[in-house]
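Take a look at the letters that make up each chain.
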Amino acid sequence: MDEVVISGLTKNFGDLVAVDHMELNIPGGTIFGLLGPNGAGKSTTTRLLSTLLRPTDGTAVVCEFDIIEDPVRVREITGVLPEEGNHTVYPSLTAYENLVYFGKLYSVPEEELPERIEELLTFMGLWDRKDDKAGELSTGNRQRLALCRAMLHRPRVLLLDEPTSALDPIAAKRVRDLILNLSRQYGQTFFINSHNLPEVQRVCNRIAIIDEGKILLEGNTQELREKLLAKQEFRIRIVGDIEKASSIAKSMDFVQEVKEEVDSIIVTIEDPTTNNSALMQSLLFAGIKIVEFAEEEATLEDLYLDVVKEGDV
Ligand SMILES: Nc1ncnc2c1ncn2[C@@H]1O[C@H](COP(=O)(O)OP(=O)(O)O)[C@@H](O)[C@H]1O
Ligand SMILES: [Mg+2]
């Protein structure tokens with residue numbers, strides 16, 4: 001069943017259309033990634049879904065509750081980590097005290113609260129930090145505490161806005177691992193905003209690319225990869241003159257595109273079974289030493305760069 005159903009969702013700020021007639025269905029248990037450059041409309045979408053903003057037009061239904069008609073129920077069923085999420089805990093309270101405070105705010109039954117707090121802090125690897133003031137935690141730990149806060153009332157849907165953007169690579173990886181573990185353990189639906197493609201690729205099983213408030217592309221990660229595999233890209237790693245190799249490749253009529261990297265050219269080749277060897281011969285003939293000639297692994301980066309206008313990113 002779809003746990004998030006977005007229909008015609010639109011938000012204008014004056015003349016600016018931040019979210020433009022968005023249509024999206026997200027099945028329960030999905031780790032969904034909304035990927036797009038800065039200013040694309042990701043945070044506005046999250047604010048709409050978490051009922052902090054009211055749409056100009058259209059609506060969304062979260063676990064059968066309409067964001068316009070049932071905002072209170074929507075808030076009960078969603079956990080939110082807003083942009084700059086690590087500022088959503090009180091720095092002068094300890095990690096534990098923060099969760100007691102928010103547990104009461106979310107009406108978590110008082111007798112269940114200590115057990116839930118211990119479970120969450122342990123799960124997030126923060127139990128031994130429970131008596132540290134939130135303000136004295138590292139940014140990564142504070143972000144994990146903010147995730148605990150968002151999870152405290154056991155929401156079915158978690159809305160996470162750039163959950164790792166303020167974190168160093170190690171802290172970011174820990175948060176990603178936690179998201180995967182949480183999903184395995186509790187099976188909630190995640191709606192994650194990110195401008196970081198590799199991150200989305202690692203964590204999400206369904207992705208939409210958004211720019212200027214519009215969804216440009218949507219699908220499960222596997223489908224998107226398959227779309228890319230049709231592209232027939234090959235990486236030719238060489239020792240020698242990249243520019244020379246590149247201009248040779250460009251001069252061949254079956255080569256559709258050439259990109260240059262520090263030690264490689266990436267070529268898109270028509271009918272590679274017949275043409276790869278011709279290209280290889282021309283390069284060798286020109287004295288270029290080929291270290292590797294391999295099918296390029298499908299990444300979502302090209303797709304992303306294809307659909308998001310250059311200069312936006
Ligand atoms: N409260 C607001 N008032 C006016 N413009 C806003 C407001 N919030 C967001 N915007 C504009 O809406 C667009 C989308 O912003 P946002 O949703 O924050 O993008 P993202 O999270 O993808 O970076 C941007 O052009 C931003 O400047
Ligand atoms: Mg944002």
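Residues numbered from 1 in each chain as written. Chains lettered and ligands numbered in written order. Predicted model: local features only at pLDDT ≥ 70, side-chain atom pairs only at ≥ 80, totals over all residues. Heavy atoms only, no water.

Caption draft 1: The domain arrangement of the protein, seen in detail. Segmenting the protein into domains produces domain 1 (2-220) and domain 2 (232-297). Each of domain 1 and domain 2 has a C-alpha centre, and these two points are 44 Å apart. (Domains from an automatic or database assignment.)

Caption draft 2: Broad picture of the sheet that holds strand 13 (residues 264-269). With antiparallel pairing, the four strands of this open sheet are ordered in space as 12-13-11-14. On the outer flanks of this sheet lie strand 12 (255-260) and strand 14 (289-295), each paired with one strand and no other. Looking at each pair of strands side by side, their axes are set apart by 20° on average, direction ignored. As defined by bridge partners, strand 12 adjoins strand 13 across five bridges and the pair is classed as antiparallel. (Pairing = 2+ DSSP bridges. Helix = DSSP H or I, 4+ residues; strand = E, 2+ residues; numbered from the N terminus. Axes fitted to C-alpha atoms, helices over the stretch in contact; angles between N-to-C directions.)

Caption draft 3: Structural view of the coordination of the magnesium ion (ligand 2). Surrounding the magnesium ion (ligand 2) are the protein donor atoms Ser-43 (OG) and Glu-83 (OE), which sit 2.1 to 2.4 Å from the metal. With Ser-43 in helix 1 (residues 42-49) and Glu-83 in the loop between strand 6 (78-81) and helix 3 (95-105), this pair connects stretches of sequence that are 40 residues apart. (Donors = N, O, S within 2.8 Å, 3.2 Å for Na, K, Ca; no water.)

Caption draft 4: Expanded view of the environment of Leu-180. Among the secondary structure elements, Leu-180 is positioned in helix 6 (residues 169-186). Put simply, Leu-180 and Ala-166 are 14 residues apart on the chain and 19 Å apart in space, counted from C-alpha to C-alpha. Setting aside anything within four residues of it in sequence, one finds Leu-180 in contact with Ile-31 and Val-203. (Contact = heavy atoms within 4.5 Å.)

Caption draft 5: Representation of the site of ligand 1 in the model. Surveying the vicinity of ligand 1 reveals the residues Phe-13, Leu-16, Ala-18, Pro-37, Asn-38, Gly-39, Ala-40, Gly-41, Lys-42, Ser-43 and Thr-44. Contacts to ligand 1 include Gly-41, whose backbone N or O atom sits 3.0 Å from an oxygen atom. Measuring from an oxygen atom of ligand 1, one finds a side-chain N or O atom of Thr-44 at 2.6 Å. Coverage of ligand 1 by the protein amounts to 62% of the 560 Å² it exposes when considered alone. Those elements giving two or more residues to the shell around ligand 1 turn out to be strand 2 (16-27) and helix 1. Residue contributions to the shell around ligand 1 peak at three residues, all from helix 1. Here the shell around ligand 1 is built from residues that sort into five nonpolar, five polar and one charged. (Near = heavy atom within 4 Å. Polar contact = N/O pair within 3.5 Å; in protein donor to acceptor, adjacent residues only side chain to side chain. Areas by Shrake-Rupley, 256 points an atom, 1.4 Å probe, with all protein chains shown as cover. Nonpolar A, V, L, I, M, F, W, Y, C, P; charged D, E, K, R; others polar.)

Caption draft 6: Inspection of the pattern of salt bridges at higher detail. Across all of its chains, the model carries 17 salt bridges by this definition. The partner of Lys-130 in a salt bridge is Asp-131, and the shortest N-O contact between them spans 3.3 Å. Taking the relative accessible area as the measure of exposure, Lys-130 reaches 22% and is therefore partly exposed. Judged by its relative accessible area of 55%, Asp-131 falls in the exposed class. Via salt bridges that share partners, Arg-237, Asp-263 and Glu-292 belong to a single interconnected network. (Salt bridge = Lys/Arg side-chain N within 4 Å of Asp/Glu carboxyl O. Buried < 20%, exposed > 50% of the residue type's maximum accessible area, 1.4 Å probe, protein only.)

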